[in-house]
Amino acid sequence: MKQLLLQHLLLQWSPCRPPLLLSPPPFIPMRSPRRPISASSTPAAEEGLTARERRMLRNERRGVGKNWREEVEDRLLVKPKKRYASWTEELNLDKLSELGHQWWVVRVSRVTGLETANRLARALARTYPNIDFKVYIPNVHVKRKLKNGTYSDKANPLFPGCVFLWCILNKELHDFIRECNGVGGFVGSKVGNTKRQINRPKPVASSDMEAIFQQAKEEQEKADRAFEEEQQVGGSFCDGDPDISDSTSLTNNKKSRRAKTQSMKSSSDGGDYGSLVLGYSVRVSSGPFTDLEGCLKELDAKTGKAKVGFMLFGKESLVDLDINQIVAEKP
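In the nomenclature of an unreviewed UniProt entry, the chain corresponds to NusG-like N-terminal domain-containing protein from the organism Acorus calamus.

As C-alpha cells, this is what we get:
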C-alpha cells in the first residue's frame with residue numbers, strides 16, 4: 001500500500017509531465033486470518049481410544065479394509081512359539097525318539113551301497129536284537145541273456161548312495177550307525193550356532209516314501225516287460241530264420257573238425273594220442289588223482305602235457321597232468 005501511494009505522489013509532482021488529477025488509491029480487500037486447526041479436535045467417542053483404534057474406526061466409516069501396513073503389524077504382534085527352550089536342547093538327538101518310527105536316509109558309497117546296506121542290517125540285528133527296523137534300497141533288477149546261454153540279473157539302484165532306514169532313532173543308535181564301515185552319515189540339516197553345530201537327521205515324509213515305493217514298482221514292471229519282449233523277439237527270430245540254424249550247425253561242424261585235427265596232430269607228432277579228444281571224459285591212470293574222471297580241456301603234444309577239469313568241492317578245477325597218466329574213457 002505504501003509503495004502504491006509513493007508512486008502516485010511522485011507521478012503527481014513530476015516536472016516533465018503535466019499535473020494529473022489526484023485519484024484515490026485502489027481498494028485491496030484484506031483477507032481474514034486463518035484459524036489454526038487443533039489436532040485434538042476429535043469426537044467424544046474417540047477420546048479414549050488409541051491411534052490404531054481410531055484409524056480402524058475411520059476406515060470402517062470409509063468402507064476401506066486393512067492395508068498392508070496393518071497386516072504386517074498384526075503378524076508382528078503374534079510371537080511364534082519356540083519349539084525348544086534353549087539352543088542346546090535342539091542339539092539333543094534323544095528328542096528324535098519322540099517322533100516314533102520314521103524313515104531316515106543314510107548316505108553310503110554309490111559303488112558299494114548294497115554291500116554297506118547288508119553289513120548295516122547284520123550289525124543292527126546282532127547289536128540291537130530287540131528293536132524293530134527295516135533297511136530298504138529301491139533297486140530295479142534287470143535280466144539279460146548272455147552269449148553262452150546263461151542269464152544275468154543285475155540290480156540297478158534308483159537312488160545311488162542312499163539307504164532308507166525305518167526305526168526309532170536316538171543318539172545311541174545314531175552314533176552306532178555313523179560308526180559303521182561305509183556309512184557317511186544321515187541326510188539332514190545343520191542346527192546350532194557359532195559355538196557348536198551338528199547335522200540333525202531329517203525324517204522322510206510318508207507321502208514321499210509311498211511315491212518311492214510306487215516308482216520302484218513301476219520301474220521293475222517296465223524292466224520285466226522289456227525282458228519278456230526281448231525273449232519273444234529272440235525266440236521268434238531264431239525259429240523263423242533258417243540261416244541261424246544253418247549257422248549253428250556250421251559252428252558245431254567246425255568244432256568237431258577242429259577236435260579231429262588236434263587229435264591227428266597229436267598222433268603225428270609223437271605218441272599215440274588219437275584216442276584223446278578235447279571235451280571228452282578221461283580217467284587218470286597214475287599219480288595222486290588215480291581213478292578220477294574228468295574232462296579234457298587242453299592237449300599239448302609237444303610238451304606232453306594236458307589239462308583236465310575235475311569237480312572238486314562242487315567247483316571245477318583244472319589240473320596239469322602228463323598225457324601218459326590219462327586214458328580216454330569209452331563213449
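There is more to say, and it comes next.
Enquirer: Please explain the pattern of salt bridges as it appears in this structure.
Expert: Side chains that carry opposite charge are capable of pairing whenever their charged atoms lie near each other. Counted under the stated rule, the structure contains five salt bridges. Across the pair Glu73 and Arg52 runs a salt bridge whose closest N-O atoms are separated by 3.6 Å. Of the two residues, Glu73 sits in helix α3 (residues 68-77) while Arg52 sits in helix α2 (residues 51-62), which places them 21 residues apart along the sequence. A relative accessible area of 31% places Arg52 in the partly exposed class. Ionic pairing is found between Lys95 and Glu98, a salt bridge with its closest N-O pair at 3.8 Å.

Enquirer: I would appreciate a short explanation of the pairing of strand β5 (residues 162-167) in the present structure.
Expert: In regular strands, side chains alternate between the two faces of the sheet. Of the strand pairs in this sheet, strand β1 (residues 102-108) and β5 are connected by six bridges, and their pairing is antiparallel. Following the sheet pairing, Gln102 is matched in β5 by Cys167. Bridging between strand β2 (residues 134-136) and β5 involves three bridges; their strand directions are antiparallel. When the sheet's bridge partners are listed, Lys134 is paired in β5 with Trp166.

Definitions and limits used
Residues numbered from 1 in each chain as written. Predicted model: local features only at pLDDT ≥ 70, side-chain atom pairs only at ≥ 80, totals over all residues. Heavy atoms only, no water. Salt bridge = Lys/Arg side-chain N within 4 Å of Asp/Glu carboxyl O. Helix = DSSP H or I, 4+ residues; strand = E, 2+ residues; numbered from the N terminus. Buried < 20%, exposed > 50% of the residue type's maximum accessible area, 1.4 Å probe, protein only. Pairing = 2+ DSSP bridges.

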